[in-house]
Amino acid sequence: MTQLALVIDLNVCVGCSACVTSCKEWNTSGESGGGMSDKNPYGKDPTGTFFNRVQTFEVGEYPKVETVHFPKSCLHCEDPPCVPVCPTGASYKRKEDGIVLVDYDKCIGCKYCSWACPYGAREIDEKQKVMKKCTLCVDRIYDMSLPEERRKPSCVLACPTSARLFGDVHDPDSEVSTAIAERGGYQLMPEWGTRPSNHYLPRRKTKAHVTEEALHRIDNPLKKEEQRTPVSSDLPTLDDFLF
Amino acid sequence: MHPAFSVIFLTTLIGAGQGLFLALYTGQVYNTFGVVGDAAPSSLYIAGTFLVLVLMGLGLFASFFHLGRPERAWRAATKWKTSWLAREVIVLPAFSGMAFIWGALHYFNIDPVLVTTGTVDISLSLVVGLLAGLLALLLYLCTGMIYAAIKFIQEWASPLTVINYTLLGLASGFSLAAALAAWFGSSLTNAYAGWTLVFTLVGFGTRMFSLYRNGRIKRKSTACTAIGVRHPKIRQISQGAMGGSFNTREFFHHKSPQFVQTVKVFFLITVFIVPITLVVIGWSNHLFTLLAAAALVQYVGLLAERWFFFAQANHPQNLYYQAT
Ligand code: SF4
Ligand code: SF4
């Protein structure tokens, strides 16, 4: 079974929000869904619908502090609590690839599913009055008119630091599964048993470990030469024997 | 959570409607089995059913304001196998319809005796009423479970939610019935007033217990599990929106703690203390006005109780919106 998902590397995310804007651009101008409406986009309190948001957290206390940029979108849970609560069946999880979607033609905008998502990943569209959320760009990842390397969610293509990986987390050999296994990928709020498909890769300390020995090699041939006892001119040389 | 007035009115109105019907039916059972001396006038049942249907209708009307696309509301019955909301959407009209039939049987005076044991006649309306009564109880379960089924809203995820919805609905319904019976001068007033006191007092106990429980909740989710960073000091400095978002509007009440505290004290007084006092005085002196005032005050109090119920719930998604 396939389970498509994103793996987000918090170690390299710089919080530039390129994924946010490219997501908004693709999903607003795309053919599906009728866009993501905004209110006061250029006014005092701009607000609107987003599938993806980058938040920033400060961990620790000055001077020992780290800034964590944290992109957050629907995690396409393997056991999504938002799906069974939907009274209309508008929210569903696709069998073939595990993407959790909302059928905008069936949704009645009761917001119950947004209550049932512990991550706050769903947002109502104030104009269309239906629930919206990340679709993993379902309308482009299967688009055969695109070259294969472009058949990825918009956010993944936009990320300048390659912090976003996309693939099948059920395939043990995929890029995403390898990243999760090798770099300690984890899930958000594991305590609720939702089993999110999206994983996050933790921050790492990228420190090079340089020892004294590595800088001054004991067996450095140059150093060995330096340590040679200086040749005294009083002693007979080879030339003395030859001539 | 943001307390939406549509849902506050929906739950309180239908809760009272169900309670009122159960009271009317209790009256019929009492009459049938001779618990209360003289038979209640059927005008009490007819007026009562009318009131039940008005309450249910108003509740349904209020609920439409909660929907983004009310014109598609009929779809909401499809997923009854998994969704308590869908179940409520089915049971609500089923109960209203059954209550309507019950009232109509009384109105047209069609009440053939189905079975008779000589002393007790089991009539058609008694059976219809039983079905409607069971649906009323089922509807309390559905309404309560809508909230209790969301396991990560820890204030709600408890059987107490269903118990409180049921008891408070019954209390408001029976207090309404007591006033109604007093208006019609029925001897059922005593029984209704008695039950009002029982439900209100027991409801007071369970509601206090849920307040006690909710004051001591140990949160399962923390900022650490939310972003997966193990550190005791995590502070949010940006939430990905400048002018707020759906997440900051839907999941916060945006009121001061003092305001919330005031609402709590207000509802404890108006749902429990004042109605109990009024019912005791009104009952012993057979004063319709006091019984009616008790029902009215209790209903207003329940609006505040429901507001508090929503405001108190702290959704784990708020961990991602700490800057609000
Ligand atoms: S992240 Fe939320 S909306 Fe997405 S599948 Fe999980 S529970 Fe549903
Ligand atoms: S808002 Fe739409 S998708 Fe969500 S539970 Fe209601 S009908 Fe289903």
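Further up the page is the structure itself.
A quick note: this is a predicted structure, and the numbers were derived from the prediction, not measured.

**A few points about the pairing of strand β5 (residues 64-73) of chain A**
Residue and element names in this part refer to chain A. With ten bridges connecting them, strand β4 (residues 52-61) and β5 associate as antiparallel partners. Among the inter-strand pairings, threonine 56 is bridged to a residue of β5, identified as histidine 69. Where β4 hands over to β5, the hairpin turn is made up of two residues, counted between the paired strands.

**Thoughts on the layout of surface pockets**
A probe as big as a water molecule, rolled over the atoms, marks out the empty space that is left. When its volume is computed, the largest pocket comes out at roughly 450 Å³. What lines the largest pocket is a set of 22 residues, and nearest its centre among them are Leu10, Ser63, Leu85, Glu88 and Val89 of chain B. Elements with a contribution of two residues or more to the lining of the largest pocket: α2 (112-115) of chain A together with α1 (5-32), α2 (42-64), α3 (84-107) and α4 (124-148) of chain B. Residue contributions to the lining of the largest pocket peak at five residues, all from α3 of chain B.

**Some points on the nonpolar core**
By size, the foremost hydrophobic cluster in this structure holds 139 residues, and its most contacted members are Trp115 of chain A together with Phe95, Tyr147, Trp156, Leu188, Tyr192 and Tyr320 of chain B. Considering every element that reaches this core, the biggest residue donor is α1 of chain B, with 13 residues.

**Topic: the sheet that holds β5 of chain A**
One open sheet accounts for three strands, arranged β5(A)-β4(A)-β3(B); its pairing is antiparallel. A strand with exactly one partner marks an edge of an open sheet, and here the two such strands are β5 of chain A together with β3 (234-238) of chain B. Geometrically, the sheet is characterised by an average inter-axis angle of 30 degrees between neighbouring strands, direction not taken into account.

The rules behind these values
Residues numbered from 1 in each chain as written. Chains lettered and ligands numbered in written order. Predicted model: local features only at pLDDT ≥ 70, side-chain atom pairs only at ≥ 80, totals over all residues. Heavy atoms only, no water. Pairing = 2+ DSSP bridges. Helix = DSSP H or I, 4+ residues; strand = E, 2+ residues; numbered from the N terminus. 1 Å grid on protein atoms, 1.4 Å probe; cavity = no way out; pocket = protein on both sides within 12 Å on 5 of 7 lines; lining within 4 Å. Points joined across faces, edges and corners; volume = space filled by probe spheres on them. Core = buried A, V, L, I, M, F, W, Y, C linked by side-chain atoms within 4.5 Å. Buried < 20%, exposed > 50% of the residue type's maximum accessible area, 1.4 Å probe, protein only. Axes fitted to C-alpha atoms, helices over the stretch in contact; angles between N-to-C directions.

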